[in-house]
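# Structural features, examined
Single-letter residue listing:
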Amino acid sequence: MNRSKDNASLMFCPQGDLTIYTAQQHKEQLLLAMNNQAPVQINLAEVTDIDTAGLQLLILAKRESLRRNIALNITGHTRVVIDVIELCNLSGFFGDPVFIPSDTSDKGTSA
Amino acid sequence: MNMEQAFQTFLAESTELLQDMENKLLGFDNCDDPAESVNSIFRAVHTIKGSAGLFGLDDIVAFTHVVESVLDEVRSGSFVLDEPLINLLLQCKDYIGKMVDSIDGEAVLMAPEDLPVQAALEDALFAYLNTEHSTSAATALVGIDDADNYQSVSVIESDSAMANENWHISVYFGADVLRNGMDPLSFLRYLATLGDIVHIETVTDDLPGIEDMDAESCYLGYEINFHSSASKSQIEDVFEFVREDCQLKILPPYAKVSDFIEIIDNIQNDELKLGEILVRCGTLTQRELDNLLQMQNAVKEGGTHRLIGEIVVEDGLASSEVVTAALHRQAQGKKAKEKQAQTVRVDAEKLDHLINLIGELVIASAGIESETHLAGIASLVESAQTMTRLVEEVRESALNLRMVQIGETFNRFQRVVRDVSKELGKDIDLQIDGADTELDKTVIEKISDPLMHLVRNSIDHGIESPALRSQRNKPATGNVKLNAYHESGTIVIEVSDDGGGLNREKILQKARANGLVSAEAELSAHDINQLIFEAGFSTAEAVSNISGRGVGMDVVRRNIEALRGTVEIDSEYTVGTTIRIRLPLTLAIIDGFMMKVGDAFYVVPLDIVEECIELNANHSVGHDGRSYINLRGEVLPFIRLGDYFCQSGSNAKRENIVVIKYGSLKAGFVVDELMGEFQTVIKPLGPLFERVPGISGSTILGSGEVALILDASSLIHLVMQRDGKAISAAAQQSALH
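Owing to the predicted nature of the structure, the values given are computational and were not obtained by experimental measurement.

The rules we used
- Residues numbered from 1 in each chain as written.
- Chains lettered and ligands numbered in written order.
- Predicted model: local features only at pLDDT ≥ 70, side-chain atom pairs only at ≥ 80, totals over all residues.
- Contact = placed C-beta atoms within 7 Å.
- Helix = DSSP H or I, 4+ residues; strand = E, 2+ residues; numbered from the N terminus.
- Nonpolar A, V, L, I, M, F, W, Y, C, P; charged D, E, K, R; others polar.
- Buried ≥ 20, exposed ≤ 12 C-beta atoms within 10 Å, placed from the backbone.
- Pairing = 2+ DSSP bridges.
- Axes fitted to C-alpha atoms, helices over the stretch in contact; angles between N-to-C directions.
- pLDDT = per-residue confidence, 0-100.
- Expected span 1.5 Å × (residues − 1).
- Core = buried A, V, L, I, M, F, W, Y, C linked by C-beta atoms within 7 Å.

### Observations regarding the interface of chain B and chain A
- With 21 residues of chain B in contact, the opposing surface of chain A contributes 22 residues.
- Those elements that place two or more of their residues in the side of chain B that touches chain A are helix 8 (184–194) and strand 4 (196–203) of chain B.
- Here the residues of the side of chain B that touches chain A are counted per class, giving 14 nonpolar, two polar and five charged.

Below is the structure:
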C-alpha cells in the first residue's frame, strides 16, 4: 500500500488521536508539509481516533493540494477513518484508493 | 361542522372525485379541452390529498402525492397523458379508492396483499418522475400559478410540493461546536439510528485557506436526505445539544417550494451550488430546482409576495378552525367550479318508505273520492277533488325523487369496455347517448347487471378481431353504443355494436343440435335471433372468462322480465347487433287507464294507450274468427279481454277498442266500458299468479275492489302469435311508418 513512487515526497504521519485535542499541532505539521510544493503523503495507519476536527484537516489538506496543484496521497486508512469518511460521503472527494481492513464489521452507513 | 361530519364529507367527496377522475381519464381521448381535463384530474387527486392530510391519513397523502406529482408534470407539459399513463392512473385511482374504503378510524388499514400493488404503482409513477427532462421554466411557473388560482385548496397548501418522500435536514454547525466539546459526527451517527441516511453531502465551502484555518473551529455543514418515520421533534432532538450553536432546518417529506427557497436564502452560499447539492441529495429533482429558482426570482421581484400556504405550513399543524374553514372553502370552490346542484343525501330506505306511504295515500284518496260522489254533497266533492289533485302532485314529486339519470350507470361501462377490450386485444370505443334519460333508481339498480352482460357480450362476441374487421372493410376501432330514450311510457335501453352480428345459420344448426328447435321447424329471422336468449345456448366455440358459457343471455332475459320489461334483438350478419331492452319507467305507481269488462276492472299504463274507438258493426268482422279491423288503412289485430280471461255474459250493448302501442307493435283490446284515467299503485301478485300470462300486477280501487293490471307486451305478443306471421309482419310493416 505504500506507493513510494517519489522519495522526495513528504510524509505526514499523524499518530494516535486525530481529534480536536491534537488538531492544532497536526495542522501545523500539515502546513509545513504542504508548504514545500512537493508531493505529500499522509499515512493514517497510526490513527486510532478521528473526529470532525481531524476530518476537517484531511479535507483542508485535499483542498489545498488541489489549489496548489500538489500531489496528495492519503494511505493507511484505518477502520475509524473509513467510517468517518463514509459517514460524510467524502470518499469520492478524496478519491484515494482505500484498503479495506479484513475485519469487515460493516458499520459503514449507506453512502 | 364537527370532525365527524367533516370526515363523512371527505368520504363522500372522495368517491365523487375519484369517479370524476375516472370519467375524465376515460374520456380524455375525446375531450374538447385536454388541459382542463388534466387540471380537473389533478384537482381531484390534490383535493383528496389535502383532505386526507387534514385527517392525518398519512398513507393516502403519501400515495396521492406521488400521483399528483406525476399529474403536475403532465400539467406543466413534461410529458403527455398517453395510453399507458392513463391506464396507470386508472389503476392508481382504483387503489386510492381502495385506500379510502379501508380507512378504519384514523388510519388506513390495507390488506397485506395490497402493499405490493402499491409498491408496483409507485415504482411505475416514479419512473415517470425520473425520466422527466426539464421543461421551460415559464410553463412550470404557469402551473404553479394555476395552483394558486383555485381557492379550494389554497388554504391547505398553495405552493406546489416537491416529490421527495424523505426528510431533508440542512445543518450548519457553528464555529465553537468543537471547542464546546461536541463532535458533529456523533450527531450524524445518532441520526442514523433514527432512520436511513439516504444521501449526505458535506458542505466544506466555509473552510478557509490553510493559513487562516483554525483547527479548533468547525466549518462544516451537511445537507442530508433522510428517510425515517420519526417525527419532526424527534429529529430535532438529535441536535438538541447544538441547537444554540448551529443553523438547523428540517423539512418534512413533500416540503413546499417556499421552504427550499428559504433554505437557499438563509444559507450564505452560492445559491446555484446549494441547489445542486440538494439535487445530488435526491431531495430535489433538476426540474424542481429550476422551478424553484424561477419562483425565487419571482418572489424577489414581487417584493412582499408571500404565499398563504406558507403560513399554515409554518404553523405546522392546522387548527380545527382552519380545518372547518378549509372544508368550507373547498365546498364553495366546488360549487362555483362545477355548478353542482345542491343535493341532500337520503337513505334509500326512507325514500322507499315514503313511496309506500304515498301509494297507500293514493288508494285512500280514491276511496274518499268515490264516497263523496255517492254522498253527493257539493262542498265535500270540491274538497275531495282538491285533495286528489294535491295527492297527485305529491305522488309525482315523490316518484321524481327516485328518478336517477342513467348516465352514471352508463359511464361505469367506459371502464369495462376499456379493460375488457384490452384484455382481448381489440380496440373498442364506447359511445353513450341519452345519458340524461331518467329512470327509477330501483330499476337502474336491477338493470345494471344484465347491461353489463350485454356489453361484455358485444365486446367478446360482437366486435370482431382487428384482422377480421379489416378484412370486412370496417374501421379498426370497433364501436359499442349505449343509448337510452323514452318511448310511450317505457324506457328503451339499447346496446348496439358494429360487430359481426348473429350468424343465423349457425344458431339454427346449434339449436337443432341441442333439440331446442325441431329439425323441420321453419323459423323467422326474428325467432332465430330470440333463440340466443334460451337457457344453455351458446355458439361460441371457446369459453372465455368473459362469456361463452351460454348461461348469460337467458339470465339477462329473466332479469329483464322480472322488471316487467322485454328484450329484443336486431342483428345483421357481419354488420352489427342491437339489443333493445324495454322497461317500465317505474315499479311503484303508474298513471293507469281503467277499463271494465262485465264487472271486472282492468288497468293498462296510460302512456301506451294510443286511442279509444268504438267497435261498431262495420268493424265487427271478428266474430267469424278474424280478429282484426281496418283502422284507417292499418291492420289492427285485437283481442277480446272478456274472452281471454274467460268471463261469461259480458254482452254489453256497445263495445270499445282500446288501441295499445307497445314498441313497434299495435293491438286493440275490446272492452265493455272505458273508465278513464286512474292512478294505479302497483301491488305485486302473489307467487301463485306470478306466471299467469297477460297480467303483471294488481291494484286496489278506492271502493276496495281489485283491478288487474294488464301486461301489454305479453298480450300483444299473444295476439301476434295467434294471428300468425302474416299479420304480425303486416303490423310491423305498418308500424314502421
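### Considering unusual backbone geometry
Residue and element names in this part refer to chain A.
- Of note in this structure, Asn-89 is not a glycine but carries a positive phi near 60 degrees.
- Note that Asn-89 resides in the loop between helix 3 (79–87) and helix 4 (91–94).
- Among the residues examined, Asn-89 registers 20 C-beta atoms within 10 Å and is labelled buried.

### Here we look at the sheet that holds strand 19 (residues 655–662) of chain B
Residue and element names in this part refer to chain B.
- With mixed pairing, the five strands of this open sheet are ordered in space as 16-19-20-18-17. Of all the strands in the sheet, just strand 16 (609–615) and strand 17 (628–631) have a single pairing partner and so form its edges. Direction aside, the axes of adjacent strands within the sheet are offset by 35 degrees on average.
- As judged from the six bridges shared by strand 16 and strand 19, these two strands associate in the antiparallel manner. Looking at the pairing, Val-609 lines up with Ile-660 of strand 19.

### Some points on the confidence of the model for chain A
- Mean pLDDT for chain A: 77, with 80% of residues reaching 70 or above.
- Note that pLDDT drops below 50 for residues 1–7 of chain A; the model gives that stretch six contacts with residues more than four away or on any other chain.

### Some points on helix 3 (residues 58–75) of chain B
All names here are of chain B.
- End to end, helix 3 covers 25 Å across 18 residues, agreeing with the expected 26 Å (1.5 Å per residue, within 8%).
- Counting buried residues in helix 3 gives 15 out of 18 residues, a clear majority hidden from the surface.
- Looking one or two residues past helix 3, Gly-77 carries a phi angle of roughly 90 degrees, positive in sign.

### Digging into the confidence of the model for chain B
Residues and elements named next belong to chain B.
- Scored by pLDDT, chain B comes out at a mean of 74, with 76% of its residues at no less than 70.
- For the stretch residues 542–550, pLDDT sits under 50, and the model shows 18 contacts to residues farther than four places along the chain or on other chains.
- Quick note on the complex model: pTM equals 0.45, ipTM equals 0.81.

### Some thoughts on the sheet that holds strand 3 (residues 167–173) of chain B
Residues and elements named next belong to chain B.
- Reading across from one edge, 4-5-3-6 is the order of the four strands in this open sheet, with antiparallel pairing throughout. Each having just a single partner strand, strand 4 and strand 6 (246–251) make up the two edges of the open sheet. Within this sheet the neighbouring strands show an average axis-to-axis angle of 15 degrees, counted without direction.
- Where strand 3 lies against strand 6, six bridges are found, and the strand directions are antiparallel.

### Focus on the nonpolar core
- Leu-57, Ala-61, Val-84 and Cys-88 of chain A together with Phe-173 of chain B are the most contacted members of the largest nonpolar core, which has 53 residues in total.
- Per element, the largest residue contribution to this core is seven residues, and it comes from helix 2 (residues 52–68) of chain A.
- Leaving out residues up to four positions away in the same chain, Ala-61 of chain A has contacts with Leu-30, Met-34, Ile-42 and Leu-72 of chain A.
- Among the nonpolar cores identified, the runner-up in size contains 42 residues, and Ile-358, Val-597, Val-604 and Phe-678 of chain B belong to it.

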